[in-house]
Amino acid sequence: MSLLSGHHLSCSKRDRLLFDDISLAVEPSDVLYIRGPNGAGKTSLIRILVGLSTPDTGSVTYRDNCIRSHYDVFHHHLVYFGHKLGLNTHFSPLENLRHWCKQHQISVRDDHIVSVLDELGLVGLETLPVSSLSAGQQRRVALARLWLKNHADMWVLDEPFTALDVQGIALLKARLVEHTAKGGGVIMTSHQDLALSIPVRELALEYRI
Ligand SMILES: Nc1ncnc2c1ncn2[C@@H]1O[C@H](COP(=O)(O)OP(=O)(O)OP(=O)(O)O)[C@@H](O)[C@H]1O
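Residues numbered from 1 in each chain as written. Predicted model: local features only at pLDDT ≥ 70, side-chain atom pairs only at ≥ 80, totals over all residues.

### Section: helix H3 (residues 93-103)
- Of the positions making up H3, those classed as buried are Pro93, Asn96, Leu97, Trp100 and Cys101. Seen along its axis, H3 keeps its buried residues to an arc of 130°; they face one direction. For H3, the exposed residues lying more than 90 degrees away from the buried face are Lys102 and Gln103.
- The first or second residue beyond H3 is Gln105, which carries a positive phi of 50°. (Buried ≥ 20, exposed ≤ 12 C-beta atoms within 10 Å, placed from the backbone. Helix = DSSP H or I, 4+ residues; strand = E, 2+ residues; numbered from the N terminus. Arc of directions from axis to C-beta.)

### Structural notes on the site of the ligand
- Neighbouring the ligand are the residues Lys13, Arg14, Leu18, Gly36, Asn38, Gly39, Ala40, Gly41, Lys42, Thr43 and Ser44.
- Looking at the shell around the ligand residue by residue, the classes come out as two nonpolar, six polar and three charged. (Near = placed C-beta within 6 Å. Nonpolar A, V, L, I, M, F, W, Y, C, P; charged D, E, K, R; others polar.)

### Here we look at the sheet that holds strand S9 (residues 201-204)
- On the basis of which strands lie adjacent, the open sheet formed by five strands has the order S6-S7-S8-S3-S9 and parallel pairing. In this open sheet, the two edge strands, each paired with only one partner strand, are strand S6 (78-81) and S9. Strand-to-strand twist across the sheet, computed as the mean angle between neighbouring axes with direction ignored, equals 15°.
- When S6 meets strand S7 (residues 154-158), the two strands line up parallel, connected through four bridges. Paired with Phe81 across the bridge in S7 is Leu157. (Pairing = 2+ DSSP bridges. Axes fitted to C-alpha atoms, helices over the stretch in contact; angles between N-to-C directions.)

### Remarks on the UniProt feature "domain: ABC transporter" (unreviewed entry) in the chain
- Residues annotated in UniProt with the feature "domain: ABC transporter" (unreviewed entry) correspond here to residues 4-207.
- When the span residues 4-207 is considered, its composition is 31% helix and 25% strand, and the gap between its end C-alpha atoms is 24 Å. (UniProt positions renumbered as here; feature names shortened; annotations may be inferred.)

Right, dumping it as structure tokens:
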């Protein structure tokens, strides 16, 4: 059974048809890479796939159930990473992630969150306000969710490599490989060459005028 599937999806923005009748399916251990030029509609498609926008036509299912009518189950198994990091910059990485874990019913001790932050190269920054961290460090804090929500089998990541340095990219790639090895599925966009050590399927969106 597929994890996440889009069925006959179409989307227009300001009278421009971005994509029409797209169907896709992510199986366990699959990585689907959505690529295309700026403005092609990658983020629009991603937002539809996680239920944040409604397509003009078509539907999205998670394990064969419509995500709209089974949103709680889908949400429980999803990590979505969008352009906005979803961090409160007045609070520390530890406070942000503690709150996020609570929202996602993840029972975790502070020392585990700190160990994940340390693994992500944020040693000594765990209790500083997020506003005092660099762009790449803030992104690492947000990405820590991929290390904390172990019961999520579906990851949907919109340009997750943005602002990461070489080491950050390597950490994330290794995590992606780990996730798929356990049967997880991934949909992602990127403007970088993915070069993962596992097979990646591609869906190319063109810029339609
Ligand atoms: N809320 C909106 N209202 C009106 N137009 C929108 C909206 N969101 C996106 N668009 C338009 O839809 C088109 C596709 O945008 P989208 O963000 O999906 O592209 P993208 O492929 O992700 O681009 P990029 O590579 O630059 O991130 C763009 O022309 C954009 O201006």
